[in-house]
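# An overview of the molecular structure
These are the residues of each chain, in order.
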Amino acid sequence: MKKTIALSLALLLNTIASPIVHASQSFGPAFDFAKSGSVTVAQVLAKPAGFLQQPFTVQGKIDAVCQKKGCWMQFATAADQPTFRLKVKDGDIVFPVSAKGKTAYAHGSLKAKPMTLEQTKTYLKHRAEEQGEAFDAAAVQSAITLYQFEPVSVLIE
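These figures come from a predicted structure and were not determined experimentally.

## Describing the pairing of strand β7 (residues 145-156)
Across three bridges, the pairing between strand β1 (residues 25-27) and β7 is antiparallel. Following the sheet pairing, Q25 is matched in β7 by I156. Note: strand β5 (residues 84-87) against β7, three bridges, orientation parallel. When the bridges of β7 are listed, R85 appears paired with Q148.

In structure tokens:
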């Protein structure tokens, strides 16, 4: 009995101490992210015009995922930077909600969508509702440009 308990305890401790290995997930057609090289979201947002309409690979930390259809992910940006969203046509790719907090690499192209103040408020309200967050329209004082990345292939690590 003591050997059984000791063995069970050793197996349990080994399981707890072992690092959990998470497999990466890829979406879209096969793409060699290792060979493509990538830029960060900060590099793209520093000079977005240089990245518009041309294919490239961007990497970032996922800070939000569409809760309803998984049709978009948002990469973390600095507080003074506009949002950076990866958006696909509904159903083409379904990003898992569990991707939040993970690093992703996406290959595709960047589009800019300048918004009016009213469009900005509507967009931010919708986004807050999707994420179950509070929203104060009075706190929004300026319009934003939404930079939306349209990926063809995505790798989440």
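So much for the structure itself; the text now carries on.
## Remarks on the confidence of the model for the protein
Looking at the protein, the pLDDT average stands at 83 and 86% of residues meet or exceed 70. Under a pLDDT of 50 for its full length, residues 1-21 has, in the predicted model, zero contacts with residues more than four places off or in other chains.

## Things to note about the environment of D136
Counting through the fold element by element, D136 comes out in the loop between α4 (117-131) and β7. Each C-alpha atom, one on D136 and one on L124, is 9.3 Å from the other, the two residues being 12 residues apart in sequence. A polar contact of 3.2 Å, which involves the side chain of D136, links it to the backbone nitrogen of A138.

## Let's talk about the packing of aromatic side chains
Enumeration according to the criterion identifies six aromatic pairs in this entry. Taking the centre distance of 4.9 Å and the plane angle of 70° together, the rings of F31 and F33 count as edge-to-face. Overall, the relative accessible area of 30% leaves F31 in the partly exposed class. On the basis of relative accessible area, F33 is assigned to the buried category, the value being 13%. Pairwise contacts between aromatic rings join F51, F56, F75, F84 and F149 into one cluster. Cation over ring: R85 sits above W72, and NZ or CZ is 3.5 Å from the ring centre.

What counts as what
Residues numbered from 1 in each chain as written. Predicted model: local features only at pLDDT ≥ 70, side-chain atom pairs only at ≥ 80, totals over all residues. Heavy atoms only, no water. Pairing = 2+ DSSP bridges. Helix = DSSP H or I, 4+ residues; strand = E, 2+ residues; numbered from the N terminus. pLDDT = per-residue confidence, 0-100. Contact = heavy atoms within 4.5 Å. Polar contact = N/O pair within 3.5 Å; in protein donor to acceptor, adjacent residues only side chain to side chain. Phe/Tyr/Trp six-rings, centres within 6.5 Å; stacked < 30°, edge-to-face > 60°. Buried < 20%, exposed > 50% of the residue type's maximum accessible area, 1.4 Å probe, protein only. Lys NZ or Arg CZ within 6 Å of the ring centre and 35° of its normal.

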